[in-house]
Amino acid sequence: TDGHPTYCFLDFESHDQAKQCVDQSGGEESVLGIQLTMKWSSGGRRGAPPPPPPPGHVGLYIGAPGNKRAKTRLTEAEAAESTSLFVHLNLASMTEDLCTRGIQYIGKLAQDKLEEAINADGGEDRVTAEEEPALKVTARQMPGKQNCAFLDFASHAAASMALATLTGSTDGGSLQSDIETDDESLKNALREVQLWWARAKDPDGTGNANNFQFRSQHFPPDARTDCWFCLASPTCEKHLIVSVLDNCYIAMPKGPVNKNHALIVPVNHSANEAANKRPILGAFLDPTPGAVADLEAAKEKLRKYALEELDSDLFVFERAIPTRGGYHAHINCIPIPKGLGSKIRTSMLSAAAMTNRGSGFELRELQNPDISVTNILKNAEEDELLGYFYAEVPFGENGDIKRFLYTALDQGNGNKKFVPLQFGREVLATVLEDDNLAHWKGCVKSTEVEEEYTQSFRKAFEKYD
């Protein structure tokens, strides 16, 4: 347009196409690194300008002239399966050497931000990516495009936290973080860096360079309507039962981590269907007389069995948060190789901090061994307890443990923290470097193998029963 070089008009074949463009972009476009604002043309009539784009909107990337199809930047929600970020450096201000150094710097910066978040409590034992793979970030340049790269993370949560810290938005954008370097050429070049979500990798791919990326596994919903754990239910798979006490029983789970993976299951159901009974929020809050004593006894039997028969430690956890499809409390007790306690603690705390889009949930260590978790939870019930996650992590040679607890409380503002359904298994899968362990459906055995495992377990456990 003559005399007005900072303006132009975009003509569409129809009003609907123009409206779609404005709606999708929110009124902003980025073309060759230049941010543009779009408003409706008056069409010969004067009118009020359209509203500004929504806060945090990142717009569309159009690309080089001649592209017939615009490429929409992925939002965080659309990239839910991705563990990688796309990095773009402004080539006009970058030499090949600067590109390589810049990409390495951005990767290190992202990793440093994750370490800072995990160590925000100021504890003496600083957690680093060197000892905790969940914090590791790997940068890789795109072949043939020296100013483009990918940052690979151990999880989507880690990538989301880093992106929000670096750009101020979980959807991505321009680098906002300060560049702390004495290299002025690098500092100047990195002022025009953009980070966005990369599409999730091919499910058949090998994952990221750290081999700690869980494969995206989608399992169909369970078809059963009755509770699997109620002994009177026709769907209870009794061939998995190892031992029965008065108020609880020990059974192998569907999809066990190993041949001695056990569940401690209260006999009474946890949901509200039993109109004449108080609902059980979790196994450690079972109000049935003698129930908690029974499960503690079962837990100690399993710990002794793991130590004496398997020369192993026992990792114990319970996610006691009711689900929409019904809930029956159960405690996971999994024998693991000795000496993994420190790694489990570090990985568990790191993973907890990265959930809920980086805001995390707080797992606190219970310092006083003389106060039972049941008493702590009973006190929390007075504060509108909605659920909890509890873990016993093995430390030492004689079955010593450290206890960790998260209590989900009703804050009255609808701001509830989410504990992933398979959180305990995901932590163990990271430590054991086997992503198949992260979900029970990735470990399902045939009925014949289940019976073989259970019979062997039952026979070996007899002298502890």
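This is a predicted model, so every value here is computed, not measured.

Parameters and conventions
- Residues numbered from 1 in each chain as written.
- Predicted model: local features only at pLDDT ≥ 70, side-chain atom pairs only at ≥ 80, totals over all residues.
- Heavy atoms only, no water.
- Pairing = 2+ DSSP bridges.
- Helix = DSSP H or I, 4+ residues; strand = E, 2+ residues; numbered from the N terminus.
- Axes fitted to C-alpha atoms, helices over the stretch in contact; angles between N-to-C directions.
- Contact = heavy atoms within 4.5 Å.
- Salt bridge = Lys/Arg side-chain N within 4 Å of Asp/Glu carboxyl O.
- Buried < 20%, exposed > 50% of the residue type's maximum accessible area, 1.4 Å probe, protein only.
- pLDDT = per-residue confidence, 0-100.
- Parallel < 35°, antiparallel > 145°, perpendicular 65-115°, else oblique.
- Nonpolar A, V, L, I, M, F, W, Y, C, P; charged D, E, K, R; others polar.

Enquirer: Sorry, what's going on with the sheet that holds strand E7 (residues 145–153) here?
Expert: Strand pairing in a sheet takes place through backbone hydrogen bonds and is either antiparallel or parallel in direction. Pairing is antiparallel in the open sheet, where five strands are placed in the order E6-E7-E5-E9-E8. Here the strands that pair on one side only, and so sit at the sheet edges, are strand E6 (137–142) and strand E8 (172–174). On average, each strand axis in the sheet is inclined to that of its neighbour by 25°, with strand direction left out of account. Bridging between E8 and strand E9 (residues 194–197) involves three bridges; their strand directions are antiparallel. Bridge assignment links Ser174 to a residue of E9, and that residue is Gln194. Helix-sheet contacts for helix H2 (residues 96–118) involve strand E5 (84–88), E6, E7 and E9, and the interaxial angle to E7 is about 20°. On the sheet, helix H3 (residues 156–167) packs against E5, E7, E8 and E9 and is oriented at approximately 150° with respect to E9.

Enquirer: What should I look at first to understand the pattern of salt bridges in this one?
Expert: Once the charged atoms of two side chains with opposite charge are near each other, the side chains can pair. Per the stated rule, a full pass over the model turns up 15 salt bridges. With a shortest N-O distance of 2.8 Å, Lys299 and Glu296 are connected by a salt bridge. Highlighted residues: Lys299 and Glu296, both in helix H5 (residues 291–309), separated by three residues, approximately one helical turn. Overall, Glu296 belongs to the partly exposed group, its relative accessible area being 25%. Of the charged contacts in the structure, one is a salt bridge between Asp311 and Lys338, with a shortest N-O distance of 2.9 Å. Of the two residues, Asp311 is situated in the loop between H5 and strand E13 (313–320) and Lys338 in the loop between strand E14 (331–336) and helix H6 (341–354); the sequence distance between them amounts to 27 residues.

Enquirer: Looking at this model, I keep getting lost on the confidence of the model for the protein. Mind explaining?
Expert: Caution is warranted with low-pLDDT regions, since their predicted coordinates should not be read in detail. Averaged over every residue, the pLDDT of the protein is 77; residues scoring 70 or more account for 73%. Averaged over each element, pLDDT in the protein is lowest for strand E3 (residues 60–61) (40) and highest for E14 (96).

Enquirer: Where do I start with the packing of H5 against helix H9 (residues 447–461) in this structure?
Expert: The angle between the axes and the distance between the axes are what describe a pair of packed helices. The interhelical angle for the contact between H5 and H9, taken along N-to-C directions, is 95°, at an axis separation of 11 Å. Our classification of the angle between H5 and H9 gives roughly perpendicular. Judged by residue contacts, Lys301, Leu302 and Tyr305 of H5 engage Phe457, Ala460 and Phe461 from H9. Its residues placed into classes, the contact of H5 with H9 shows five nonpolar, no polar and one charged.

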